[in-house]
Amino acid sequence: QVRIVESGGGLVQPGGSLRLSCAASVKFYSIKDMGWYRQYPGKQRELIARVTSAGITNYADSLMGRFTISRDNAKNTIYLQMNGLKPEDTAVYYCNVAVGVPGGTTSSNYWGRGTQVTVSS
């Protein structure tokens with residue numbers, strides 16, 4: 001069973017900052033890549049950023065520079081530092097965790113329940 005707990009969402013004014021956290025836990029398997037996605041009403045989830053267990057990151061081009069993903073492997077936790085927030089960043093933010101056999105190359109993806117981020121004055 002994979003447990004994913006997201007936190008840090010809320011209401012922030014334009015230009016403000018928020019830091020999201022996602023803590024994952026699993027028994028008998030390894031946590032591989034982890035990432036953040038967001039979803040607008042009626043739209044598909046879109047990638048914000050992902051990070052491997054080795055710390056290699058990839059970002060959606062449009063968000064690089066304002067958003068920064070980081071990872072603490074000891075805590076199986078990732079963070080998303082969001083700066084210069086805009087009203088169009090208002091969305092539900094989801095954590096994604098890839099889980100697989102230790103040393104294996106395949107994985108299964110699991111989602112958190114999401115945390116609402118609202119950017120408004």
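Our subject is the structure listed above.
Residues numbered from 1 in each chain as written. Predicted model: local features only at pLDDT ≥ 70, side-chain atom pairs only at ≥ 80, totals over all residues. Heavy atoms only, no water.

Engineer: How should the overall build of the protein chain be read in this particular structure?
Structural biologist: A count of helical and extended segments in the protein chain gives zero helices and 11 strands. At 14 Å, the protein chain has a C-alpha radius of gyration in line with the 14 Å of a compact globule built from 121 residues. Principal-axis analysis of the C-alpha atoms places the extent of the protein chain at approximately 45 × 25 × 25 Å. Within the protein chain, residue pairs in contact and separated by at least 24 positions form 55% of the contacts whose partners lie at least 6 positions apart. For the protein chain, the exposed surface amounts to about 6700 Å²; the carbon and sulfur share of it is 48%. Between the centroid of the 13 positive side chains of the protein chain and the centroid of its 7 negative side chains there is a distance of 8 Å. (Helix = DSSP H or I, 4+ residues; strand = E, 2+ residues; numbered from the N terminus. Rg over C-alpha atoms; globule rule 2.2 N^0.38 Å. Contact = heavy atoms within 4.5 Å. Areas by Shrake-Rupley, 256 points an atom, 1.4 Å probe, with all protein chains shown as cover. Lys, Arg positive; Asp, Glu negative; His and termini not counted. Charge placed at Lys NZ, Arg CZ, Asp CG, Glu CD.)

Engineer: Hey, could you run me through unusual backbone geometry in this one?
Structural biologist: Peptide bonds are mostly trans, and most non-glycine residues show a negative phi. Positive phi outside glycine occurs at F28, with the angle close to 75°. The topology assignment puts F28 in the loop between β3 (18-26) and β4 (30-39). For F28, a relative accessible area of 77% corresponds to the exposed category. Even without being a glycine, N76 presents a positive backbone phi close to 50°. Along the chain, N76 turns up in the loop between β7 (67-72) and β8 (77-82). Classification of N76 by relative accessible area gives partly exposed; the value is 26%. (Buried < 20%, exposed > 50% of the residue type's maximum accessible area, 1.4 Å probe, protein only.)

Engineer: Is there a simple way to think about the sheet that holds β3 in this case?
Structural biologist: Within a beta sheet, neighbouring strands are joined by backbone hydrogen bonds and run either parallel or antiparallel to one another. Ordered in space as β1-β3-β8-β7, the four strands form an open sheet in which the pairing is antiparallel. The open sheet has two free edges, formed respectively by β1 (2-7) and β7, since each of these has just one partner strand. Neighbour-to-neighbour, the strand axes of this sheet turn through a mean angle of 15°, independent of strand direction. (Pairing = 2+ DSSP bridges. Axes fitted to C-alpha atoms, helices over the stretch in contact; angles between N-to-C directions.)

Engineer: Please explain the pairing of β3 as it appears in this structure.
Structural biologist: Within a regular strand, side chains alternate between the sheet's two faces. Of the strand pairs in this sheet, β1 and β3 are connected by six bridges, and their pairing is antiparallel. Within the sheet, the bridge partner assigned to E6 lies in β3 and is C22. Note that β3 and β8 share six bridges and pair antiparallel. Residue L20 lies in a different strand from β8, and its bridge partner there is L80.

Engineer: Looking at this structure, I do not really get the environment of N83. What am I missing?
Structural biologist: With respect to the helices and strands, N83 occurs in the loop between β8 and β9 (91-100). A sequence separation of 55 residues divides N83 from F28, and the C-alpha atoms of the two residues are 36 Å apart. Ignoring sequence-local partners within four residues, the contact set of N83 consists of G16, S17, R66 and F67. At a separation of 2.9 Å, a polar atom in the side chain of N83 contacts the side chain of S17. (Polar contact = N/O pair within 3.5 Å; in protein donor to acceptor, adjacent residues only side chain to side chain.)

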